[in-house]
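Observations on the model geometry
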Amino acid sequence: MKAIGITTTVPSEVLIAAGYKVVDLNNVFITSEDYDKYIDLAEREGFPKSSCAWIKGIYGVCRKNGISEVIGVMEGDCSNTRALIEVLKSEGIKVNTFSYPHDHTLADIKKSIDAFMNAFKVTPGQVEAVRNELLYVRMLARKIDELTYMDSKATGFENHLYQVSLSDFNGNFSGYAKELEGAIGEMEKRPAMDIKLRLGYIGVPPITCDIYNYVEGFGARFVYNEVQREFAFPRAAEAGDIYSQYMDYTYPYDLEFRLEEIKKQAGIRKLDGIIHYTQAFCHRSIEDVVIKKELDIPVLTLEGDKLNRLDARTKLRLEAFMDMLLDLKEVGN
Ligand code: SF4
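First, a word on what this report is: a plain description of the structure on this page. None of the values given here were measured: they were computed from a predicted structure.

Each value, and the rule that gives it
- Residue numbering note: each chain is counted from 1, following its sequence as written.
- Thresholds applied to this predicted model are a pLDDT of at least 70 for local features of residues and 80 or more for the giving and counting of side-chain atom pairs; totals over whole chains, interfaces and linings are not thresholded and use all residues.
- DSSP-based pairing: two strands are paired if at least 2 bridges between them are found.
- Labels follow the DSSP assignment, with helices taken as runs of H or I lasting at least four residues and strands as runs of E lasting at least two, numbered in each case from the N terminus.
- To obtain each axis, a line is fitted to C-alpha atoms, and for helices this fit is confined to the stretch in contact; angles are then taken between N-to-C directions over 0 to 180 degrees.
- Only the C-beta atom matters for this test: placed from the backbone, it must lie within 6 Å of a molecule or strand for the residue to be near it.
- Each residue receives one of three labels: charged for Asp, Glu, Lys and Arg, nonpolar for Ala, Val, Leu, Ile, Met, Phe, Trp, Tyr, Cys and Pro, and polar for the others, Gly being one of them.
- With C-beta atoms placed from the backbone, a residue is labelled by how many other C-beta atoms lie within 10 Å of its own: buried for 20 or more, exposed for 12 or fewer, partly exposed between the two.

**Focus: the sheet that holds strand β8 (residues 299–304)**
Spatially, β6-β5-β7-β8 is the arrangement adopted by the four strands of the open sheet, whose pairing is parallel. Of all the strands in the sheet, the pair left with one neighbour each is β6 (220–225) and β8. For this sheet, the mean inter-axis angle between neighbouring strands, taken without regard to orientation, is 30°. Note that strand β7 (residues 273–279) and β8 share six bridges and pair parallel. Across the sheet, Tyr 277 pairs through a bridge with Leu 302, a residue of β8.

Dropping the structure here:
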C-alpha cells in the first residue's frame, strides 16, 4: 500500500478509498525519540530559527523518511503550509492540495471535496463506504472522551493521544480499532479519579506532551482537548454524508465557529479553567486576543517552541494558575 503524508487532518476517507496508507507527518515527528533531529535538518537547510517547530518537523520527516507524496492544505489550516509545499515541490515530492473554503458554505465544501475525489479518482459511493467503516473507530474515540469527562477514568493524556491519532488512524484503521477496544476495556476496570480541577485544553496540540501528567500531579485533569477531539470527528455519526461531516469540523474555519463549540463543551464538561496553548511563530497565537475576550472562565495562555517538555517557568505559571482556580472554587462553594 502506498503511503501519503498529510500535514493536518484532511478527508482521509478519500485517500483510504483510493488505496493509500495515510501518514500524519506531525505524529511521526512528535512521537520520535529524537524529534529534534528533524528540526535540526530543516534549520540546516535554511528554515528560519524564527519559524514554527511543527513546520520544520514536518519538513524533516519528509526528508528523512523518504516521503514521496503529500497533501498540502492550502486554505483553512496554516499560513506556513503554502511555503512548505513550495519547498517540498522543489525537492521532487509530489504535492496534492486540499482546501477548507473560507466561506464555510456547504456548496463550497462540496466543491472542494468533489475536486479532491476527482484528483484521486474515487466516487462518492466509495468514499461513503469508507466513511461508514470509519464511524466505528470514531465512536470508540468518543467513548474514550466520555470515559474522561463523564467517568473520570481515562487520563488527559490518553484523551489527547487516542483522539489525535484519528488524523491517520495510525496508518491502519482496523488495527487502530482493536487498540482502542483494548484501551477502553482496561480503562473501564479502573476506579474513577477524584478530580479537584477540571481543565480544558484548546489550541494546536502541544509539543510539550508532559503537560498532561504535570497537572495530574496537582489533582487536576484535562477533560477536554479541543482540537484533538475535532480531529476525531465526534459528531460524524450525526452527519448525513462526507460533506456535512467536514462542514461541521470547527478547526479550519473561523474563530467564531470554533468558539461556539468550545463554549458549549466548557459548560457540558464543567470546566474550571482553560489552557490556551500556542506555538511560537504561529499566526494562530493572535487569536488569543479574541479567545480571552469571549470566554467567561479563566484562561491561561502558554507558548511552546522547540522543547518537548515544560520548562521551569511554564510549570510555575501552571501551578499558580491551578492555585488560583482552587481558591476560586473554594470561594464559590
Ligand atoms: S502551529 Fe501554527 S504555524 Fe505551526 S504548523 Fe500549526 S498552524 Fe502552522
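**Here's the deal with the site of the ligand**
All residues adjacent to the ligand are Cys 52, Trp 54, Ile 55, Cys 78, Asn 80, Val 204, Gln 279, Cys 282 and Arg 284. Across the shell around the ligand, the residue classes tally to six nonpolar, two polar and one charged.

**Focus on unusual backbone geometry**
Although it is not a glycine, His 104 adopts a positive phi angle of roughly 55°. For His 104, the position within the fold is in the loop between β4 (94–99) and α6 (106–119). On the neighbour-count criterion, His 104 (14 C-beta atoms within 10 Å) is partly exposed. Positioned with a positive phi, Lys 121 is a non-glycine residue whose angle comes to about 55°. For Lys 121, a count of 9 C-beta atoms within 10 Å translates into the label exposed.

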